[in-house]
Amino acid sequence: MLLCSCAGQRDATDWYAPQPEDRPFVRWWWLGSAVDEAGITWNLEQFAEKGLGGVEITPIYGVQGNEAEDIEYLSPSWMEILGHTLAEADRLGLQIDMSNCTGWPFGGPQVTTAESACKLLVERRLLHGGERMEEKIIPQDPRQRAFAMPQRVMAFGGGERIDITGCVDADTVLRWQAQQGCDMEIYAIFCGRTLQKVKRAAPGGEGLVMNHYDIRALRSYLDRFDEAFAQSGAGMPDTFFNDSFEVYGADWDGRLLEEFSRMHGYRLEEYLPEFLSDDGGEMSARIVSDYRQTLFEMLLNNFTIPWTEWAHSHGARTRNQAHGSPGNIIDLYAAVDIPECESFGQTPFDIESLNHEGPSRPNDSDRAVLKFASSAAHLTGKRRTSAEALTWLTEHFRTTLALCKPELDRMFCAGVNHVYFHGAPYSPPGAEFPGRMFYASINMSPTNTIWRDAEALFGYITRCQSFLAAGEPDNDFLIYLPIDDIRHEYRDKRFLMFDIHKMPQTMPRFRQAVDSVLDAGYDCDYISDRYIQSLKVDNDGMLRSQGGARYKALILPGCRLWPAETARRIVSLAREGATVVFVGSVPKDVPGFGELDLRRAELGEILSSLPELTMAEQPEQRAFGRGRIITGLSYGSALQATGAVPEPYAAGGGEMIRRRNEAGGHNYFLAALGSQSIDGYVTLATSAAAVEIFDPMTGERSMARTRDNGDGTTAVRLQIPSGGSLLLKCFPKAPRNMPAMQRYYLEERAGEIVPARGWRLRFTECQPQMPQQTYDIDSLIEWTRLPIEGADIAAGTARYTVDVEIEEPSSADEWLLCLGDVRESAEVRINGRSAGKAWAAPFQLRVGRLLQSGRNTIEIDVTGLQANRIADMERRGVKWRIFKDANIASVTGAADFSFGDWPTVPCGLASQVRLVPLKTVNE
């Protein structure tokens with residue numbers, strides 16, 4: 001695999017030149033597709049000016065009373081506006097992506113009932129011995145009777161499994177008699193329809209959800225897009241998008257019985273009592289596991305792969321959220337061009353000075369969940385892993401830039417390097433507050449007050465993603481996803497969806513295994529049975545994936561089941577020189593039910609070639625061919641036995657990711673997502689002749705102080721505050737043109753200045769409009785607590801000004817402006833010159849270069865939230881919830897809620913501001 005190019009980089013010590021996909025993108029909701037050319041241009045110009053790299057167009061339901069402005073999806077008018085959007089984006093250097101539907105999931109008016117999502121229907125009758133049945137076989141649900149014909153009718157009893165489908169006439173009447181003395185249970189199964197409609201559909205996109213297991217349904221569905229693009233002559237978007245699999249209850253297909261028989265060598269209909277049993281015995285579990293594998297293969301081969309091939313035929317790419325799907329989501333992610341994970345909710349990071357106030361919901365996307373998408377990208381050599389970012393991070397009107405940062409940092413540490421905000425509703429220029437809104441937060445658009453300082457967040461993301469897309473992945477291990485254990489053990493429902501909200505219930509042991517690997521200071525990618533087959537072993541014993549990523553060992557995390565072909569390949573890899581680690585157990589059985597004895601015998605023959613493997617607290621190593629096999633009961637000791645060096649920063653609770661860079665060294669991203677700051681030497685598990693520090697918050701860079709530990713590791717002097725993050729570039733040889741060691745290592749010294757009096761305040765950009773006068777507020781306080789009429793409901797920006805006397809600023813090596821509790825972001829000027837924006841914890845800026853002897857004027861433009869304004873509108877009964885469908889929902893899930901119940905949300909500076917002199921740390 002080739003290292004990614006660093007186009008535009010002046011030399012090895014520069015920042016990577018950002019590419020469009022290094023910049024954050026946003027899902028652009030078109031409500032009712034009620035957009036026009038002037039509004040499109042204005043919105044795109046706003047996006048480009050703030051530093052976004054592109055948008056994903058997803059039309060949704062419209063605005064009440066605005067029907068005359070709605071544009072029907074894929075109509076000539078819609079395609080014309082898409083052409084304008086593509087042209088304007090090209091002018092502005094933006095990329096345009098497009099969902100292959102309105103709302104989600106795929107569906108619409110072109111989907112006939114025959115092409116719609118299917119579900120299994122079952123009717124049962126007990127027939128006593130000698131009793132004759134002459135009865136119409138129809139589903140109980142009258143909605144299904146027009147199209148759900150009996151697929152199979154089976155009789156079970158007395159050890160017999162009899163297919164009596166042939167006894168059903170053209171009118172679906174079953175005529176059959178049970179033998180004397182033998183009660184028989186009759187099962188009739190039908191391919192019913194879920195009748196699910198597209199969720200949040202836009203005009204022209206309403207209709208049934210398509211059958212994702214039927215390639216004929218997919219081709220018919222995509223014909224509408226082919227026709228629209230061909231007739232309009234509009235260009236293609238860069239990428240087509242598919243949202244998470246939310247095709248509820250779609251547990252069947254008209255061809256599933258045939259596919260099942262072909263794949264597994266037996267007929268599912270002959271085992272309906274076991275398949276449909278609620279007892280969950282071993283035989284039942286094996287049959288259900290085979291059924292789950294069949295659904296997955298049909299989804300992969302009849303939807304995901306051909307959908308991507310269709311996009312490629314038009315010169316476009318695909319981006320897919322595989323989570324929620326009923327199958328091995330590694331393989332589903334890997335089958336597209338850009339795998340996409342998702343964050344959903346808020347993580348309670350224990351970060352000093354991070355404000356968590358306001359309604360929220362727990363984040364379902366932890367480290368283990370996020371890594372599925374990046375694992376697929378790493379296995380297959382795809383440069384980008386995207387993320388639907390910050391869905392339902394907070395309640396509406398309560399999102400802060402500061403809350404965004406740690407969630408994004410965690411995603412970066414999980415391998416994400418292509419962020420899509422969720423989302424930005426299109427609003428026409430000058431729309432009345434609050435503009436058009438999507439039912440779920442967040443709102444990363446020009447109608448939100450956080451937009452004023454958003455370019456600081458966007459710049460941070462761009463700098464991080466340019467680093468995280470460079471080079472190659474460098475995770476330590478591959479960890480086998482025991483999909484067959486999961487399929488076998490999950491008994492709640494036959495239809496197993498890998499929903500991010502239910503991963504703790506779906507795969508608890510695998511998540512625990514991943515956490516154990518990460519907590520031990522290592523990093524890993526996940527691998528499936530399919531991609532184990534394509535692994536190679538390099539001459540140094542490292543495993544190499546299909547996409548070129550290299551790994552020190554393959555871990556099997558306490559599995560019970562594995563296919564014989566997987567076992568054979570893993571044994572072969574060990575013989576060829578790889579290291580294989582079994583933790584907790586060695587799998588001794590095969591999954592599924594078909595040809596079970598034959599497959600067990602095949603696995604037994606493979607296992608007989610292995611040396612005797614035992615499990616103990618102390619790991620045991622055995623040479624095997626040119627490789628070795630390690631067994632142990634705990635991850636920490638077993639992985640240590642591989643010789644891989646853990647990262648002390650990660651083992652100590654920090655979050656990070658490491659990649660190999662184009663210089664032959666490594667790039668690191670380190671995030672301090674807990675309450676502790678880092679101030680000292682941190683050991684890296686790699687060697688380096690020189691290390692350069694890149695600060696993604698400011699764009700500054702400096703050579704780092706380092707120590708060679710003499711054991712192949714390097715200690716780097718770092719200072720990372722709680723909530724902070726840094727990028728490191730490690731060089732195997734000291735580069736030419738190294739930047740100077742700037743005043744990076746600093747500590748506080750005596751002489752702190754706390755301007756407690758003499759503050760002045762003026763509202764600069766507020767709605768409702770506030771008086772344009774300066775208020776002497778003396779002591780520092782939030783503007784919402786000031787005795788000024790309207791201040792408690794004002795949404796926008798107010799300027800805090802104070803004069804500070806400094807006798808000799810140069811007496812300190814640097815000065816740090818500590819803003820304390822900022823509600824919620826601040827732009828600072830000192831003596832009329834910009835000091836930057838403080839938008840995330842710990843809300844500090846280095847300002848020494850701006851200070852002068854004598855009087856210094858500090859201006860702090862603080863931007864607050866819109867919460868108080870919307871609360872006031874709700875209390876006054878202003879009708880602003882004017883959107884169709886879901887309208888506005890609450891993060892709490894409450895059906896009846898009012899933002900008018902909120903207490904006043906603080907806006908402004910809520911604590912003392914400190915000007916702190918710093919001195920250089922010389923050790």
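K.L.:
Is there a simple way to think about the overall build of the chain in this case?
P.N.:
Scanning the chain from N- to C-terminus turns up 19 helices and 46 strands. Relative to the 2.2 N^0.38 estimate, which gives 29 Å for 923 residues, the radius of gyration of the chain is 31 Å and therefore close to what a compact globule would have. Considering the chain as a whole, with its 923 residues, one finds that 63% of them fall into the buried category. A sequence separation of at least 24 residues applies to 78% of the contacts in the chain between residues at least 6 apart. Approximately 33500 Å² of the chain is accessible, and the part contributed by carbon and sulfur atoms is 46%. Separation between the mean location of the 95 positive side-chain charges and that of the 126 negative ones in the chain comes to 2 Å.

K.L.:
What exactly am I supposed to notice about the packing of helix 4 (residues 256–264) against helix 6 (residues 282–313) here?
P.N.:
Think of two packed helices as two axes; the pair is described by the angle between the axes and how far apart they sit. In contact at an axis separation of 10 Å, helix 4 and helix 6 are set at 110° when each is read in the N-to-C sense. Taken together, the axis directions place helix 4 and helix 6 in an arrangement best described as roughly perpendicular. Of helix 6, the residues touching helix 4 (which contributes Leu 256, Glu 259, Phe 260, Met 263 and His 264) are Ile 287, Asp 290, Tyr 291, Gln 293, Thr 294, Leu 295, Glu 297 and Met 298. Tallied by class, the residues present in the contact of helix 4 with helix 6 amount to 7 nonpolar, 3 polar and 3 charged.

K.L.:
Just to check I follow, could you spell out a negative patch on the surface for this structure?
P.N.:
On the surface, Asp 36, Glu 37, Glu 69 and Glu 80 cluster together into a patch of negative charge. Within the element layout of this structure, Glu 80 appears in helix 2 (residues 76–92).

K.L.:
I would appreciate a short explanation of the confidence of the model for the chain in the present structure.
P.N.:
Caution applies to low-pLDDT regions: their predicted coordinates should not be interpreted in detail. When the pLDDT values of the chain are averaged, the result is 96; 99% of them are 70 or greater. In the predicted structure, residues 1–8 sits below a pLDDT of 50 and forms 22 contacts with residues beyond four places in sequence or in another chain.

K.L.:
What should I look at first to understand the state of the cysteines in this one?
P.N.:
By the definition in use, this model includes 0 disulfides. This cysteine, Cys 101, is not joined by any disulfide, and Cys 118 carries the nearest cysteine sulfur, 18 Å off. Owing to a relative accessible area of 2%, Cys 101 belongs among the buried residues under this scheme. Looking at the unpaired Cys 191, the closest cysteine sulfur is the one in Cys 118, lying at 3.6 Å.

K.L.:
Any chance you could explain the pattern of salt bridges here in plain terms?
P.N.:
Any two side chains of opposite charge can pair, on the condition that their charged atoms come close. On inspection of all chains with the given rule, the structure shows 82 salt bridges. With its nearest N and O atoms 3.8 Å apart, the salt bridge here joins Arg 855 to Glu 805. With a gap of 50 residues between them, Arg 855 in strand 44 (residues 854–863) and Glu 805 in strand 38 (residues 795–806) connect regions that are remote in the sequence. As far as the burial class goes, Arg 855 and Glu 805 line up, both exposed. Residue Arg 876 is joined to Asp 872 by a salt bridge in which the shortest nitrogen-to-oxygen separation is 2.8 Å. The exposure class of Asp 872 is buried, given its relative accessible area of 14%. Taken together, the shared-partner salt bridges in this structure form one network comprising Lys 50, Arg 452, Asp 453, Glu 455, Glu 765, Arg 799, Glu 827, Arg 829, Lys 837, Glu 859 and Asp 861.

K.L.:
Looking at this model, I keep getting lost on helix 3 (residues 215–232). Mind explaining?
P.N.:
Two residues of an α-helix separated by three or four positions point the same way, owing to the 3.6 residues in each turn. Helix length check: helix 3, at 18 residues, gives a terminal C-alpha distance of 26 Å against a target of 26 Å (1.5 Å per residue), a fit within 8%. Along helix 3, the residues classified as buried are Ile 215, Ala 217, Leu 218, Tyr 221, Leu 222, Arg 224, Phe 225, Ala 228 and Phe 229. Of the surrounding elements, those touching the buried residues of helix 3 are helix 2, strand 3 (95–99), strand 4 (107–108), strand 12 (239–242) and helix 6. For helix 3, the capping residue at the N-terminal end is Asp 214, with a side-chain oxygen 2.9 Å from the backbone nitrogen of Arg 216. With its phi angle positive at about 75°, Gly 233 sits one or two positions after the end of helix 3.

Conventions adopted
Residues numbered from 1 in each chain as written. Predicted model: local features only at pLDDT ≥ 70, side-chain atom pairs only at ≥ 80, totals over all residues. Heavy atoms only, no water. Helix = DSSP H or I, 4+ residues; strand = E, 2+ residues; numbered from the N terminus. Rg over C-alpha atoms; globule rule 2.2 N^0.38 Å. Buried < 20%, exposed > 50% of the residue type's maximum accessible area, 1.4 Å probe, protein only. Contact = heavy atoms within 4.5 Å. Areas by Shrake-Rupley, 256 points an atom, 1.4 Å probe, with all protein chains shown as cover. Lys, Arg positive; Asp, Glu negative; His and termini not counted. Charge placed at Lys NZ, Arg CZ, Asp CG, Glu CD. Axes fitted to C-alpha atoms, helices over the stretch in contact; angles between N-to-C directions. Parallel < 35°, antiparallel > 145°, perpendicular 65-115°, else oblique. Nonpolar A, V, L, I, M, F, W, Y, C, P; charged D, E, K, R; others polar. Patch = residues over 30% accessible without salt bridge, like charges linked within 9 Å, V, L, I, M, F, W, Y side chains within 5 Å. Salt bridge = Lys/Arg side-chain N within 4 Å of Asp/Glu carboxyl O. pLDDT = per-residue confidence, 0-100. Disulfide = S-S within 2.5 Å. Expected span 1.5 Å × (residues − 1). Polar contact = N/O pair within 3.5 Å; in protein donor to acceptor, adjacent residues only side chain to side chain.

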